[in-house]
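# Coordinate inspection notes
In case you want the letters, here they are:
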Amino acid sequence: MISVCFYFQVHQPMRLDKNYSFFQMGRSHHYRDEAANRDIMRKVADKCYLPANRMMLDLIELHKGKFRISYAITGVAMEQFQEFCPEVLDSFRALADTGCVEFIGETHYHSLAFLFSREEFRRQVKMHSRILQEFFGAKPVTFRNTELIYNNDLALEIEKMGYKAILAEGADQVLGWRSPNFVYQPAGCSKLKALLKNYRLSDDVAFRFSDRGWSEWPVTVEKYADWVHKVAGSGEIINLFMDYETIGEHQWADTGIFEFFRKLPEAVLSRGDFAFETPGEAAAHLDPMAQLDVPYFTSWADLERDVTAWLGNPMQDQAAELAYALEDRVLDSGDEDIIATWRELLTSDHFYYMCTKWFSDGDVHKYFNPYETPHQAFITYMNVLNDLALRLDGADRRQG
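The shown structure was predicted, so the numbers you read here are calculated from the model rather than taken from an experiment.

The rules behind the values
Residues numbered from 1 in each chain as written. Predicted model: local features only at pLDDT ≥ 70, side-chain atom pairs only at ≥ 80, totals over all residues. Heavy atoms only, no water. Buried < 20%, exposed > 50% of the residue type's maximum accessible area, 1.4 Å probe, protein only. Helix = DSSP H or I, 4+ residues; strand = E, 2+ residues; numbered from the N terminus. Contact = heavy atoms within 4.5 Å. UniProt positions renumbered as here; feature names shortened; annotations may be inferred. Core = buried A, V, L, I, M, F, W, Y, C linked by side-chain atoms within 4.5 Å. Phe/Tyr/Trp six-rings, centres within 6.5 Å; stacked < 30°, edge-to-face > 60°. Lys NZ or Arg CZ within 6 Å of the ring centre and 35° of its normal. Pairing = 2+ DSSP bridges.

### Considering helix H9 (residues 221–229)
Taken together, the buried positions of H9 are occupied by Val221, Tyr224, Ala225, Trp227, Val228 and His229. Looking at the buried positions of H9, the neighbouring elements they touch are strand S1 (2–10), helix H8 (199–206), strand S8 (237–243), helix H10 (257–269) and strand S11 (274–276).

### What to know about the UniProt feature "domain: Glycoside hydrolase family 57 N-terminal" (unreviewed entry) in the chain
UniProt annotation of "domain: Glycoside hydrolase family 57 N-terminal" (unreviewed entry) refers to residues 6–291 when read in the numbering used here. Annotation note: span residues 6–291, helix share 43%, strand share 15%, distance between end C-alpha atoms 23 Å.

### Examining the nonpolar core
The biggest cluster of nonpolar side chains holds 66 residues, and the ones touching the most others in it are Met56, Tyr71, Phe92, Phe136, Tyr244 and Phe261. At twelve residues, the largest contribution of residues to this core is made by helix H1 (residues 34–62). Sequence-distant contacts of Phe261, that is, excluding residues within four places in its chain, are made with Phe6, Phe8, Met55, Met56, Leu59, Val205, Met242 and Ile247. Core analysis: the next-biggest nonpolar cluster, separate from the first, contains 60 residues, Ile338, Tyr352, Tyr371 and Leu385 among them.

### Quick word on the packing of aromatic side chains
Counting across every chain of the model gives 36 aromatic pairs. Considering the side-chain rings of Phe209 and Phe260, the 5.2 Å spacing of their centres and the 65 degrees angle between planes classify their relative orientation as edge-to-face. Placement of the pair is Phe209 in the loop between H8 and H9 and Phe260 in helix H10, with a sequence separation of 51 residues. Each of the two residues, Phe209 as well as Phe260, counts as buried. We note Arg118 situated over the ring of Phe114; from NZ or CZ to the ring centre the distance is 3.8 Å. Arg144 extends its terminal NZ or CZ atom over the ring of Trp300, reaching a point 5.3 Å from the ring centre.

### A word on the sheet that holds strand S5 (residues 165–169)
Pairing in this open sheet of five strands is mixed, and the strands run S4-S5-S7-S6-S12 from one edge to the other. The sheet terminates laterally at strand S4 (142–143) and strand S12 (291–292), the two strands that pair on one side only. In terms of strand pairing, strand S6 (residues 183–186) meets S12 through two bridges, oriented parallel. Bridging across to S12, Gln185 finds its partner in Gln291.

Given below as structure tokens:
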């Protein structure tokens, strides 16, 4: 039996007011662009989250539990659902009630914390686990780090935290001769299993589905199911990982993306040796094919599949280093509003907006980018961060 694992990433950051200026520092602590956060969440809910969730629920009921999927919904996305679109949370709860959906753990704020502070990383992972239990009654057994950032040390840390499986990018520089269509044992771990994204089949849908310049366009259900079925004999699992916004937002409804997903389960299940499973279910019964040694960081972003989408240019590095340098003072302040604001500033998107590379995959992220230039993103972020530091100065004086 060959397992087909769908994992969908659901994330929206808290966007900053790009007009927050130097002259507002010390006078205003309203950093969010609430109108943009509300409008974008409402738009994506109408185009993607609500219709896609209805479709997934119908498919699960139609196939009587044989169609199974997983989601990683960030804490900041769930908080915005609760504030702007509570019906989206209800629709995810309906999916949770089917018993055919796995909710995957990650950092609550979709942050780069593992690269800067292991303590803050552990706190955010635990926060996210608690909100999954609160909203969906789900205790995560599978973990994915922000943007599939992964290395050996992360895997070992996650094993210590009790997770059974971890997701990672099936990057060529990681795999070498290996195939992403097997389960692996991360180096240094004894129990944790790694599931790797089949990026070719995943990106055929996420990035190339509506690309009329692609030689394989149009991607019919029959053609795609045939590509999936060709794994038979050379793999045990096919991991299809993508942003949930692929359905209806990145790939608009008029591309046929909804019809594609409605027909795909039946086409895949037409062969009796294929079955849909969640990552946790697959990891529970598939044995590791080999050890996976990844000493350096990988991710699912851009062509390099490393961390240079978020770090590496002087603006990104300065912003991230200054933000994490405030950690002890922020936590020592005991001010819940300051702590929550600081953590929102750790969301990886802020550093992505400062990226100066140019790459094709970045088009998806730029879709939600509110800034005209990376420099504007940097200036806005630093103004907000410096105002937060001024608030900490005030808190220090009061405590002193």
